Amino acid sequence: MLICRPGTDADAPLLAQLNQQLIQDEVHRNRMTIPELERRMRNWLATEYRAALFIEASTVVAYALYRPEKDAVYVRQFFVCREHRRRGIGRKAMQMLLGGELAAFDRVYLDVLTKNGGAHCFWEAVGFHDYALTMEIVRDRANPRCSAP
Ligand SMILES: CC(C)(COP(=O)(O)OP(=O)(O)OC[C@H]1O[C@@H](n2cnc3c(N)ncnc32)[C@H](O)[C@@H]1OP(=O)(O)O)[C@@H](O)C(=O)NCCC(=O)NCCS
């Protein structure tokens, strides 16, 4: 059985570790260390973000971090632990969130890195649709030859 409980300041060390695994898995360019991620997580939980931890057999198997806004809610992080994937936990956890904490919001939105194809398939499978695509030029100031055209 999957249980959901709110994350608190006491969960920040665990959430920082899971956040680092999320960064690795989605191949994000964020290079923050675990202590930095923990400080950021504490600050977020003390201010505008809420966390939900999903527990199966007394073990945290997934978490979500989201920010309620005036008319919408932004899901900033969503992660299922590696050894628990493709067992329906992500789907169940999102159903619990959408039907629970996030039920009052007319719009739920999030970002997916374009190279994170598995996550894109997951979000479509749980009912999300493409809305916008962020485009950018990243300038490598230290090595101008590598700059984007
Ligand atoms: C993406 C993620 C949350 C999915 O969690 P999960 O528990 O494995 O997902 P589920 O088992 O509930 O999958 C539900 C459906 O989503 C789709 N899906 C999930 N993972 C997929 C993948 N890697 N490739 C293609 N489709 C996928 C499938 O349709 C799946 O249904 P099926 O197993 O019956 O085929 C998990 O892989 C994860 O944490 N990845 C790393 C972090 C990440 O990328 N987070 C999202 C950031 S935007």
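Let us look at the structure shown here. (Residues numbered from 1 in each chain as written. Predicted model: local features only at pLDDT ≥ 70, side-chain atom pairs only at ≥ 80, totals over all residues. Heavy atoms only, no water.)

1. Points about the state of the cysteines
Part 1 of the reasoning: Per the counting criterion, the structure on display carries zero disulfides.
Part 2 of the reasoning: The closest cysteine sulfur to the non-disulfide-bonded Cys4 is located on Cys81, 14 Å from its own sulfur.
Part 3 of the reasoning: Classification of Cys4 by relative accessible area gives partly exposed; the value is 33%.
Part 4 of the reasoning: Cys81 sits in the buried class, given a relative accessible area of 7%. (Disulfide = S-S within 2.5 Å. Buried < 20%, exposed > 50% of the residue type's maximum accessible area, 1.4 Å probe, protein only.)

2. Focus on helix α3 (residues 89–99)
Part 1 of the reasoning: Every buried residue belonging to α3 is among Ile89, Gly90, Ala93, Met94 and Leu97, and all of these are buried. Looking straight down α3, one finds its buried side chains confined to an arc of 125°; they lie on one side. Residues of α3 that are exposed and angled more than 90 degrees away from the buried face: Gln95 and Gly99.
Part 2 of the reasoning: The inward-facing, buried residues of α3 abut β1 (2–6), β2 (50–56), β3 (59–68), β4 (72–80) and α4 (117–125). (Helix = DSSP H or I, 4+ residues; strand = E, 2+ residues; numbered from the N terminus. Arc of directions from axis to C-beta. Contact = heavy atoms within 4.5 Å.)

3. Here's the deal with the site of the ligand
Part 1 of the reasoning: In the neighbourhood of the ligand, 21 residues make up the surrounding shell, with Val80, Arg86, Gly90, Arg91 and Asn116 lying closest.
Part 2 of the reasoning: Asn116 is positioned such that a nitrogen or oxygen atom in its side chain is 2.8 Å from an oxygen atom of the ligand.
Part 3 of the reasoning: Within the residue set of the shell around the ligand, elements represented by two or more residues are α1 (12–25), β4, α3 and α4.
Part 4 of the reasoning: If you tally residues by element for the shell around the ligand, the top one is α4, at six residues. (Near = heavy atom within 4 Å. Polar contact = N/O pair within 3.5 Å; in protein donor to acceptor, adjacent residues only side chain to side chain.)

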